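Below are the chains, spelled out letter by letter.
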Amino acid sequence: MAAGTAARKAAPVLEAPPQQEQLVTLLQMWVVPLYFTIKLYWWRFLSMWGMFSVITSYILFRATRKPLSGRTPRLVYKWFLLIYKLSYAFGVVGYLAIMFTMCGFNLFFKIKARDSMDFGIVSLFYGLYYGVMGRDFAEICSDYMASTIG
């Protein structure tokens, strides 16, 4: 019995990354694409990134104010729930577009394989990128609000 419990205690435990490392990673994921979108003239991504950044910055601003307004937790929840649903939908649509293209369903609609695959990859990327960004910002907002509330 004692050997079994000692083996269970010695098992490695996966821990979340420290707050500082997560913040640096989030900052890099948020700022680095700005350079490439401007350099490569990806205006669609830049406009979506800009809208996401402005609204999320406002939400982050509201979540870090002291005293915390009574409406702020609902605002934070609604925004990040919307981001979650949209990123999930974009990811699923992108994945399905890629799979349908690989199975040849794009020919039924007379869509070129390249166009269909481009649509799928871009949709999948947007879903993954904004999903991860939304998750990380939601965690930061909820940590600030929890520390403010007590």
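These figures come from a predicted structure and were not determined experimentally.

What counts and what doesn't
- Residues numbered from 1 in each chain as written.
- Predicted model: local features only at pLDDT ≥ 70, side-chain atom pairs only at ≥ 80, totals over all residues.
- Heavy atoms only, no water.
- Phe/Tyr/Trp six-rings, centres within 6.5 Å; stacked < 30°, edge-to-face > 60°.
- Buried < 20%, exposed > 50% of the residue type's maximum accessible area, 1.4 Å probe, protein only.
- Axes fitted to C-alpha atoms, helices over the stretch in contact; angles between N-to-C directions.
- Helix = DSSP H or I, 4+ residues; strand = E, 2+ residues; numbered from the N terminus.
- Parallel < 35°, antiparallel > 145°, perpendicular 65-115°, else oblique.
- Left-handed = near helix turned anticlockwise from the far one by under 90°.
- Contact = heavy atoms within 4.5 Å.
- Nonpolar A, V, L, I, M, F, W, Y, C, P; charged D, E, K, R; others polar.
- Salt bridge = Lys/Arg side-chain N within 4 Å of Asp/Glu carboxyl O.
- Expected span 1.5 Å × (residues − 1).
- Arc of directions from axis to C-beta.
- Patch = residues over 30% accessible without salt bridge, like charges linked within 9 Å, V, L, I, M, F, W, Y side chains within 5 Å.
- Areas by Shrake-Rupley, 256 points an atom, 1.4 Å probe, with all protein chains shown as cover.
- 1 Å grid on protein atoms, 1.4 Å probe; cavity = no way out; pocket = protein on both sides within 12 Å on 5 of 7 lines; lining within 4 Å.
- Points joined across faces, edges and corners; volume = space filled by probe spheres on them.

A word on the packing of aromatic side chains
According to the stated counting rule, one finds 17 aromatic pairs in the structure shown. Ring geometry for tyrosine 35 versus phenylalanine 36: centroids 5.1 Å apart, planes at 75°, classification edge-to-face. The exposure class of phenylalanine 36 is partly exposed, given its relative accessible area of 41%. Seen from their ring centres, phenylalanine 125 and tyrosine 129 are 5.7 Å apart, and the 20° between their planes marks the pair as stacked.

Details of the packing of helix H3 (residues 43-63) against helix H4 (residues 72-103)
Orientation of H3 relative to H4, taken along the N-to-C sense of each, is 150°, at an axis distance of 9 Å. Regarding the angle of H3 to H4, the classification is roughly antiparallel. Crossing geometry of H3 relative to H4 is assigned as left-handed. For the pair formed by H3 and H4, the contact residues are Phe52, Ile55, Thr56, Tyr58, Ile59, Arg62 and Ala63 on the first element and Thr72, Leu75, Val76, Trp79, Phe80 and Ile83 on the second. Within the contact of H3 with H4, the residues separate by chemical class into 10 nonpolar, 2 polar and 1 charged.

Quick look at the pattern of salt bridges
A full pass over the atoms with the stated rule returns 1 salt bridge. Among the ionic pairs, aspartate 136 bridges to arginine 135, the shortest N-O distance being 3.0 Å. By relative accessible area, aspartate 136 is classed as buried at 7%.

Digging into H3
Between its first and last C-alpha atoms H3 spans 30 Å; for 21 residues at 1.5 Å apiece the expected length is 30 Å, and the two agree. When we look at burial in H3, the residues that qualify are Phe45, Leu46, Trp49, Phe52, Ser53, Thr56, Ile59 and Ala63. On an axial view of H3, the arc spanned by its buried residues comes to 160°, and they lie on one face. In this structure, H3 carries Met51 and Val54 as exposed residues pointing more than 90 degrees from its buried face. Packing partners of the buried residues in H3 comprise helix H2 (19-39), H4 and helix H5 (113-149).

Remarks on a nonpolar patch on the surface
Taken together, the side chains of Tyr84, Tyr88, Val92, Tyr95, Leu96, Phe100, Phe105, Phe108, Phe109 and Ile111 define a hydrophobic patch exposed on the protein surface, amounting to about 1,100 Å² of accessible area. With respect to the helices and strands, the residue phenylalanine 108 is situated in the loop between H4 and H5. For phenylalanine 108, a relative accessible area of 66% translates into the label exposed.

Notes on the layout of surface pockets
Computed from the structure, the largest pocket encloses a volume of approximately 240 Å³. Lining the largest pocket are 13 residues, and of these Met48, Phe52, Ile83, Leu86 and Tyr130 sit closest to its centre. No other element matches H4, which puts 6 residues into the lining of the largest pocket. Across the lining of the largest pocket, the residue classes tally to 11 nonpolar, 2 polar and no charged. What lines the second largest pocket is simply Pro33, Phe36, Thr37, Trp42, Arg44, Phe45, Ile121, Val122, Phe125, Tyr126 and Tyr129. Put simply, the parts of the chain that give the lining of the second largest pocket at least two residues each are H2, H3 and H5.

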